[in-house]
Amino acid sequence: MFSSGHDLSEMLEGDAVFYRTVFDTCTEMMEAIRNLPQPVIAQVQEWPPPLAASSWPRAIWPSPPGSTLCHARGAHRSLLSYPQVPLSRAVGRKRALEMLLTGRPISAEEAERYGLVNRVVPGEKLAEETLALARHIAQASPLTLALGKQSFYRQIELEERGAYDYTKEMMSLNALTEDAQEGISAFLNKRPPKWKGK
């Protein structure tokens with residue numbers, strides 16, 4: 001998927017129904033990223049924060065020169081309510097609010113420090129590093145990845161005791177799967193696992 005953000009020329013002189021439709025579509029896309037069973041990796045050049053913040057793992061971003069990230073610059077600042085949902089959950093309240101209110105571009109290093117992206121790599125290695133991460137993740141059971149992603153997003157919304165209770169149940173269900181038993185057997189027998197996705 002490629003995205004350059006909103007086409008602001010389409011945002012002039014719409015009515016309430018039009019704007020709700022635009023933002024309904026954006027919300028559906030953000031939720032689709034979260035609800036996909038597969039992990040989604042953002043390979044970032046100069047993306048607006050909502051897409052980077054919605055990915056899991058977060059993102060890989062090229063190091064300078066020329067890599068800055070900014071959402072609310074100029075006309076975008078009039079729309080600063082919308083990106084606050086994924087951004088505040090990725091970087092915390094204080095940093096998110098400063099980014100939203102000021103529109104100040106942040107560097108790749110700041111984005112990494114804020115937790116908006118997982119890592120920063122030289123621009124010429126961006127595609128290579130993204131593919132290496134994807135291949136590493138793809139070695140795991142697809143079923144276990146899907147269950148892990150689902151439980152991560154569910155438990156993070158709960159208070160700590162509830163999160164432990166929820167993940168305990170998810171781990172118990174996961175342990176019953178063929179892939180979990182295969183993974184344990186492969187580890188004990190020092191051989192590569194053969195996943196079935198069941």
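Just so we're clear, the structure is a prediction, and the values are computed from it rather than from any experiment.

Peer 1: Looking at this structure, how should I read the pattern of salt bridges?
Peer 2: It is possible for side chains of opposite charge to pair when their charged atoms get near one another. All chains considered together, the criterion is met by 5 salt bridges. A salt bridge links D165 to R161, with the shortest nitrogen-to-oxygen separation between them at 2.9 Å. A residue pair is termed a helical-turn pair when its members lie 3 or 4 positions apart in one helix, as D165 and R161 do in helix α8 (residues 160-175) at 4 residues. For R161, a relative accessible area of 54% gives the class exposed. The closest approach of N and O atoms between E182 and R191, which form a salt bridge, is 2.7 Å. Given the relative accessible area of 17%, E182 is considered buried.

Peer 1: I tried to follow the packing of helix α3 (residues 84-91) against helix α4 (residues 93-102) on my own but got confused; where do I start?
Peer 2: Describing two packed helices takes the angle between their axes plus the distance from one axis to the other. Running from N to C, α3 and α4 point in directions that differ by 135°, and their axes come no closer than 7 Å. With respect to α4, the axis of α3 lies oblique. Classified by chirality, the crossing of α4 by α3 is right-handed. Of α4, the residues touching α3 (which contributes Q84, L87, S88 and V91) are R93, R95, A96, M99 and L100. When its residues are assigned to classes, the contact of α3 with α4 shows 5 nonpolar, 2 polar and 2 charged.

Peer 1: What am I meant to see in the side chain of E182 here?
Peer 2: Mapped onto the secondary structure, E182 falls in helix α9 (residues 178-188). Once you skip the residues sitting within four places of it in the chain, E182 turns out to touch R191, P192, P193, K194 and W195.

Peer 1: In this structure, what is going on with the confidence of the model for the protein? I would like to understand it.
Peer 2: Detailed reading of predicted coordinates is not advised where the pLDDT is low. Overall, the predicted model of the protein reaches an average pLDDT of 78, with 75% of residues at or above 70. Within the model, the stretch residues 64-78 combines pLDDT values under 50 with 42 contacts to residues more than four positions away or in other chains.

Conventions we followed
- Residues numbered from 1 in each chain as written.
- Predicted model: local features only at pLDDT ≥ 70, side-chain atom pairs only at ≥ 80, totals over all residues.
- Heavy atoms only, no water.
- Salt bridge = Lys/Arg side-chain N within 4 Å of Asp/Glu carboxyl O.
- Helix = DSSP H or I, 4+ residues; strand = E, 2+ residues; numbered from the N terminus.
- Buried < 20%, exposed > 50% of the residue type's maximum accessible area, 1.4 Å probe, protein only.
- Axes fitted to C-alpha atoms, helices over the stretch in contact; angles between N-to-C directions.
- Parallel < 35°, antiparallel > 145°, perpendicular 65-115°, else oblique.
- Left-handed = near helix turned anticlockwise from the far one by under 90°.
- Contact = heavy atoms within 4.5 Å.
- Nonpolar A, V, L, I, M, F, W, Y, C, P; charged D, E, K, R; others polar.
- pLDDT = per-residue confidence, 0-100.

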